[in-house]
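Breakdown of the fold
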Amino acid sequence: MRIEINDLTKRYSRGAVPALDGLNLSIDRGTFGLLGPNGAGKTTLIRILSTQLSPTAGTVTIDGLDLSRQRAEVRSRLGYLPQAFGAYPSLTAFEFLDYVGRLAGMHKRRARHERIEEALEDVGLTKVRDRRSGTFSGGMLRRLGIAQAVLANPDFLIVDEPTVGLDPEERLRFRALLSRLSRDRAILISTHIVGDVSSTCEEIGVLDRGKLRYLGAPEGLVSVADGKAWEVTVDDAGFIEMSERFHVVGVVPDGDALALRMVGDAEPPAGASPVAPNLEDAYVYFIESEIDGTAA
Amino acid sequence: MSGLRGLLSVARYERTLLMRTTRYRVLGAAGIGIPIFIGVILAIAEARGGEAGTMFGVGAFVPFYVYSFLQTVVIAFIAGDFRAADERAQVYEVIAVRPLSTTQLVVGKYLGILQGLMVLSFAVMGVTVLVQAAKLSVLGTPFRLEPYLGYLLLMNLPGLIYMTALTFCLGAILRNRTAAALVALAYALGCLIFLGERYGGVFDYGAFYAPLFYSDILGFGDLSRVIELRLLYMALAVALLGLAVERYPRLAQAGLWRWGGRVVALAALAVCVGIGFGIQRSDEASQAERVDFLRAHVTRAAEPIASLVHYDMSLQLHTEQAPLVADVRLRVGNTHDVALGQVVVSLNSGLTVDSIADNAGSPLDFEHDGSVLAITLGAPLEPGAETQLRLKYAGDIDRNGFDLIRTAPRRDRSDGPLRMPQLTSWIREDTVFLPARAGWYPRAGVDYGYDEPPAPSFATANIEVDSPADMRIVTQGSPSSPDSASSNTGSRRTSLFTVDRPVPVFTLNGGRYNVYEARIGGVDMALYLYPEHMTAVSFFDDAADEARAALEQMLGAIVRETGLPYPYERLNLVEVPLVVQWYYEGWREAGGLTGPGVLMIEEDVLTSQNLQRSFNRRQRGADGEFDAAAVKRDLFVQEIFELFMSPESERYGIFRSPLVQLWSYDRAFVGDRSNLLERAMPVYLQQDVGSEVRSMMLSGGNSRPRGREESTVASAEMLAAVSDSGQSQARTGSDWNAVLDAMQKETFADMNPDADPELYRSVVDAKGVSVFRMMRAVTSSDAFVNAIEGFAEESRHEGVDFDDFEAAVGTDQVTAEGPSAAESDSSGEPDMQRLVQSWLEGTAVPGYTITRANVRKLEDGRGNPVHQVIVRVRNGEAALGFVRINAIGFEDEVSKGVQIEGNSEVEVALLIGDRPARVTVDPFFAKNRRSLVAPLRVPDFIQPDQPAEYVRLVTQEASNLVEIVVDNEDEGFSLPTRRVQRYLRPGLQGGGWWVRSTLFSYGRYANNYRMKNGSDGAEPAIWSATMPREGEYDVAYYFLPEATAWARSGVWGLASRIELTIHHRNEVHTVELDTTELNAGWNLLGRFDFEAGAEVRVELSDKASGRLYADAVRWRLADSDLVYEEDVSPWEVQTGSLSGRR
């Protein structure tokens, strides 16, 4: 399984700033995390990859299938969990999956039903298979979403903001599920929650203003921020000063003072202690530096 | 294949989703509930003796109609929702990335919704079938499934398919669920309410206005046009669906689906346009053909008409060669002064003439142009001579070839795609329906184009009909000989008829009838009944003798009362399919279903009579002994009267009256006033004679003396027939006010019958029937009946005009009945010729008021008390009037016909031995709608005077009636209205006082009135007048007759108390009335003193809790001699028993 993206450009209207600007990317089997701030072009890329949108220029091939020309074939190999996923509230989990399975071309009844049971088992919804989805919690609905996305055993799974709205426990379960699924297919996770990719992705891409700013292993991105992450305890005035000089990643109240975690190129203040950067520190450092034009 | 599976998958789940919605469940509940509800309502209506239509498709039609109507409206909300529902459920993106095309998605969703709604349709059909089948099994009537399937396939499903597609298309174009639903809803309602019947029904997408009443005899009839239009709508549905797919932009799709869908949609559009053009071209062609046919008639109208005096017809029905094969020998006479070179006859354009030969068998030249056949004789036919022609023709009836002129209202209803005259005549394997006008045999002359319609030919005939063996034939005449009239040879049967008594027209009916025959009163009576409708006949099996005796008695009574013996040896009553009568409307066509010796009855008429239930009811209500046969006899008589002799305003009127046969088929009516004899005389016979015979039969068979003249109350029934009742309006087309207006604008002679045929017909009824009633009152009943009898005898088979009839009645020789006129002055004696002249030729209509009614108790010279009833009647209009004044005692009654000049008053004295209770005045032709009534108070003492009867003119001085009536339409009536209210609600005329008119009104007051809900007293109704003379006046408030009943029953929320203030001599007097205590009509508010010239008024306050009515107020100069109560409640009249109105 290989997804090749070559010089992909998307403009929503003539003369407008491109939402994607000459993007080149290739994704192999495993989990690929797509990070980027709002407006970076993630959703546009996802829509193009999920065949809902046509590019202005460039090509996308999935295992050699041209996405623009062989849309139906691509769709049959594609699983997709949109960010705003819902199900018909009057259908049960089983019925909904049955409907989706039929639409995905699974016309053999027995095979389809077996696959539905597997998918329900995978996402832990077997017990509620006959409950109408209108009664599901957000987490159950999200799991139903992933079940429908993987129902037809797609080669390529696109998951858009998979953990938004989930509680921490659900989020962990979901990440584990994605990891399990990534063993035999390519998964593209588009998210702005760094934790989603740090725990699941072998490779990540950082998209900003339509261009791919980083492509590589998460560790590679982390190394960018080596020696740039600090922890310091300051008062309110100190917080304002640090916010101007650094990118504050975390703030924890400590009595009357504030314990800050921050990244940046500036000289650290007295009392600051260096810390090993994590992916989130690195992502913030990277993105903010990109905006400032100082990235490495 | 996989594409189709995807489509069906979408359909399957869309259906599931739809069926789980609340809207669907509500629609389902309504759909299932409708047939049950309607079934219950019909059953209740039938149990109460109503005519709800037990048989046929009616039980299926009504629920389907209502449900289909509801469904196509609800579709707008269900089908317009599909995209929005996906987006709302946030599943759209999931679906959009599946290997699915737009066509699959849209068509799948369409099919899903369609399936869901079809499930409901089938359920509704199932429930309807169960309800109807259960009901019919109780009634012992066979059940048929065809009508139900017919309605499902013709009405329900096409409407469903089309409206769903339309809503999808609107949804795809407008991309707004609410907008799409509203546009679809507006379209549906527009079609259903406004466009449905117009433009030939092309907007009737659900066949809601198509003539789809199922007939047991004929099924649905010719459905070709209905089916064509259904196909058009279904093709349009496919095209709309194609457009919906095209306009639905979200899913990219493969070329096959995209282009395949487009091709199918375009092909459907082409089919749709093709069908539309086909319909239009066919209609235009048939219209052009009809114009051409008409031209042929008009062209030949000036040619002299040869008399066709005898036919020898040999007919073969439904043969392999043609539906009708005829060999007709015609005896043709020349009654003109010139020799005839050609014989012009009418013959249906669908019949092809093979040959025409003369006496010697030599072929003759002929030209068959449309439905006009011109035969060139070998030698001219000399005046007075006769010859014989032999015509051979074959073919089918062209239903375009007759009935070439239609009046505008009729054209609106009967032209166009859905109203093609498919049920006007036909020849089928199982049934034949050939009324005379279809032109199935050669008829003398042409049908159109004459300045004055010529007198018809009267002809005898021998008719031989070869038909399929199971077909029974009905035509004029009797079977040639009872034993050998019909002979069966294998699959064919030959029937022979001899028509000895000349008839003007021939009709031919055939069908698989059961025949019931009996000789009653010297007439062979036969009932031809469809086998499935036998319950109506078998019910009388055990009362056959009683029914026969009743019929005999009735025929005798009819002959006695009309002076018209039944002219034919045989009377055939033949069932014909339901709705046939739709195509025979208008009074000139009233006889379309009636022929000499043949009365055609629609099949629902007999079978819808729920005799058993009526019988059971009577049985339950009987105290003690119950004579079942007598009750059945009564039911039989009642049925006969309802079916055949009801007044025209009720049910079918004279359409199938045997009285029409008695009068109309034995003579021809000519001259300017021919309509009076042709139309008004049968109406008069039907209403007056019929009602007399009816009351005689239903009151136990005790014939009363003719002098009683029980039912000739004014023009009451006839005027009721043209009053505002919806039913009668449908029948006559004109309401009484329009008739009155028309009569006062134009003389009868000046009226153009074609300008507004319905109005003309109503005027003929109003004037003609009144004239006959007046003639009868003036000449005495016996004399009038004798005159009719003599006239009928002398005019048999001849053309007669109204002058002949007047001469026969002797209008110039008669005097009033009652005592000698010696004691009276001449003013009140009727001059019948003048009255006839005045009413028929004038434009004024008399109107009457009783101005005085009192009694003197006298002694007759032999020591016996006698009562002298003195009545003054004023004719307040310019027209010459005639009334009958009746003094009515408890045992006895005396009457006198009196003529009253325009704008004058007569005083009439009548002597009656019995103690008189009231006096009534029957107007014959007047603005009054009913009789006037005044109660009488008999003094206790005998006055010393000579009893005398007289009629004298009351001079102006002697007339002491000073009366002012202000009606709600008069100038003195006002409704002070707040400006703002008028601005805000301009629909309100006069503020919150709505104008209403009433159905049962008579006299001028109750015609219409104002109505308002009680409020704060700011909007009173005010009646104002100027007093002409000083004195005490009785002030009265007119209370709507209906309102008395409403007030007493508490319905309609009538105000229980109302307040009126009377302004007099600068004082204000307030009267509070309890509406439950009010009389129908005038209610005295009190006696008040007024100055001459004073501006006075009466106010009805709107401060009340409940509804108020404002109609009229009267100030009448008080006169101690007078007791007035002249307007009897019509409710009393309506509910009076048949045998005694008073």
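For the structure, check the block above.
Residues numbered from 1 in each chain as written. Chains lettered and ligands numbered in written order. Predicted model: local features only at pLDDT ≥ 70, side-chain atom pairs only at ≥ 80, totals over all residues. Heavy atoms only, no water.

Structural notes on the overall build of chain A
Convention followed: Numbering of helices and strands runs from the N terminus, with a helix taken as a DSSP run of H or I at least four residues long and a strand as a DSSP run of E at least two residues long. Exposure classes here rest on a 1.4 Å probe applied to the protein chains alone. A residue is buried below 20% of its type maximum, exposed above 50%, and partly exposed in between. What makes two residues a contact is simply this: any of their non-hydrogen atoms within 4.5 Å. Only the protein chains shown count as cover for residues, with accessible areas throughout obtained via the Shrake-Rupley method and a probe of 1.4 Å.
What chain A contains, in helices and strands, is 10 helices and 14 strands. The buried share of chain A, taken over its 296 residues, is 52%. Restricting the contact set of chain A to residue pairs at least 6 apart, pairs at least 24 apart contribute 65%. For chain A, the accessible area works out to roughly 12800 Å², and carbon and sulfur atoms hold 48% of it.

A closer look at the side chain of B:E603
Residue and element names in this part refer to chain B. We count it as follows: Residues scored as positive are Lys and Arg, those scored as negative are Asp and Glu, and His as well as the terminal groups of each chain are ignored. What makes a salt bridge here is a side-chain nitrogen of Lys or Arg within 4 Å of a carboxyl oxygen of Asp or Glu, nothing more. Contacts described as polar in this section are N or O atom pairs within 3.5 Å, which, within protein, must combine one atom able to donate a hydrogen with one able to accept it, while residues neighboring in sequence count only if both atoms come from side chains.
Assignment of secondary structure puts E603 in helix 14 (residues 603-607). Despite its burial, E603 remains without a salt bridge, the nearest opposite charge being carried by R144 at 7.8 Å. Looking at E603, its side chain comes within polar contact range of the side chain of S215, at 2.4 Å.

Focus: the pattern of salt bridges
All names here are of chain B. Going through the model one piece at a time under the given rule, you end up with 55 salt bridges over all chains. Residue D470 is joined to R512 by a salt bridge in which the shortest nitrogen-to-oxygen separation is 2.8 Å. Within this pair, whereas D470 is found in the loop between strand 11 (459-468) and strand 12 (472-475), its partner R512 is found in the loop between strand 16 (508-511) and strand 17 (514-520), the two being separated by 42 residues in sequence. By relative accessible area, which is 37% here, R512 ends up partly exposed. Taken together, the shared-partner salt bridges in this structure form one network comprising R501, D666, E793 and R796.

Brief notes about the interface of chain B and chain A
Going by this rule: Put simply, buried area is how much 1.4 Å-probe accessible surface two parts lose in total, over both of them, once they are put together.
Contact residues are listed per partner, giving 24 residues for chain B and 31 residues for chain A. Summing both partners gives a buried area of about 2700 Å² for chain B against chain A, and 57% of it is carried by carbon and sulfur. If you look at where chain B meets chain A, you find 2 salt bridges. As a salt-bridge pair, A:R47 and B:E93 come within 3.6 Å of each other at their nearest N and O atoms. Counting across the interface, chain B meets chain A through 12 residue pairs in polar contact (both at pLDDT 80 or more). Among the elements of the structure, helix 1 (2-19) and helix 5 (92-96) of chain B are those that each provide at least two residues to the side of chain B that touches chain A. The greatest single-element share of the side of chain B that touches chain A, amounting to 9 residues, is contributed by helix 1 of chain B.

As for a nonpolar patch on the surface
We apply this condition: By definition, no residue in a patch forms a salt bridge, and every one has over 30% relative accessible area; like charges are joined within 9 Å, nonpolar side chains (Val, Leu, Ile, Met, Phe, Trp, Tyr) within 5 Å.
Together, B:F143, B:L145, B:L149 and B:L153 line one region of the surface with nonpolar side chains, adding up to about 330 Å² of accessible area. Considering the arrangement of structural elements, one finds B:L145 in the loop between helix 6 (102-139) and helix 7 (146-174).

What to know about the pairing of strand 41 (residues 1095-1100) of chain B
All names here are of chain B. Rule in force here: By this definition, two strands are paired if DSSP reports at least two bridges between them.
Direction of pairing for strand 36 (residues 1021-1026) relative to strand 41: antiparallel, over a ladder of 6 bridges. Bridge assignment links I1022 to a residue of strand 41, and that residue is E1099. With 4 bridges connecting them, strand 38 (residues 1057-1064) and strand 41 associate as antiparallel partners. Residue L1060 lies in a different strand from strand 41, and its bridge partner there is L1100.

Quick look at the sheet that holds strand 12 (residues 247-254) of chain A
Residue and element names in this part refer to chain A. Pairing in this open sheet of 4 strands is antiparallel, and the strands run 12-13-11-14 from one edge to the other. A single partner strand is all that each edge strand has here, and the edge strands are strand 12 and strand 14 (273-274). Bridge count for strand 12 against strand 13 (residues 257-263) is 7 bridges, and the pairing is antiparallel. When the sheet's bridge partners are listed, V251 is paired in strand 13 with L260.

Let's talk about the packing of helix 5 (residues 138-150) of chain A against helix 6 (residues 168-181) of chain A
Residue and element names in this part refer to chain A. What counts here: Note on definitions: angles span 0 to 180 degrees between N-to-C directions of axes, and those axes are lines fitted to C-alpha atoms, for helices only across the stretch in contact. Relative orientations are named as follows: roughly parallel for angles under 35 degrees, roughly antiparallel for angles over 145 degrees, roughly perpendicular for angles from 65 to 115 degrees, and oblique for any other angle.
One can describe the packing of helix 5 onto helix 6 by two numbers: an axis separation of 11 Å at closest approach and a directional angle of 10 degrees. Comparing their axes, helix 6 and helix 5 come out roughly parallel. Contacts between helix 5 and helix 6 involve G139, M140, R142, R143, I146 and V150 on the former and, on the latter, E170, R173, F174, L177, L178 and L181.

Digging into helix 6 of chain A
Rule in force here: The span one expects for a helix is its residue count, reduced by one, times 1.5 Å.
The end-to-end C-alpha separation of helix 6 of chain A is 20 Å, in line with the 20 Å expected for 14 residues at 1.5 Å each. The inward-facing, buried residues of helix 6 of chain A contact strand 6 (78-81), helix 4 (109-122), helix 5, strand 7 (156-160), strand 8 (186-191) and helix 7 (194-198) of chain A.

Quick look at the sheet that holds strand 8 (residues 426-427) of chain B
Residue and element names in this part refer to chain B. Pairing within the open sheet is antiparallel, and its 4 strands lie in the order 8-9-16-12. Either end of the sheet is taken by a strand with one partner, and the two such strands are strand 8 and strand 12. Where strand 9 (residues 431-434) lies against strand 16, 4 bridges are found, and the strand directions are antiparallel. Residue pairing in the sheet places F433 in a bridge with N509 of strand 16.

So, the environment of B:V131
Residue and element names in this part refer to chain B. With respect to the element layout, V131 can be found in helix 6. Overall, the relative accessible area of 23% leaves V131 in the partly exposed class. Considered as a pair, V131 and V40 are 91 residues apart in the sequence and their alpha carbons are 8.8 Å apart.

Description of the pairing of strand 9 of chain B
All names here are of chain B. Here strand 9 shows two buried faces, one formed by T431 and F433 and the other by V432 and L434. Taken together, the 2 bridges between strand 8 and strand 9 define a ladder with antiparallel strand orientation. Bridge pairing links I427 to V432 in strand 9. In this antiparallel pair of consecutive strands, strand 8 and strand 9, the connection spans 3 residues.

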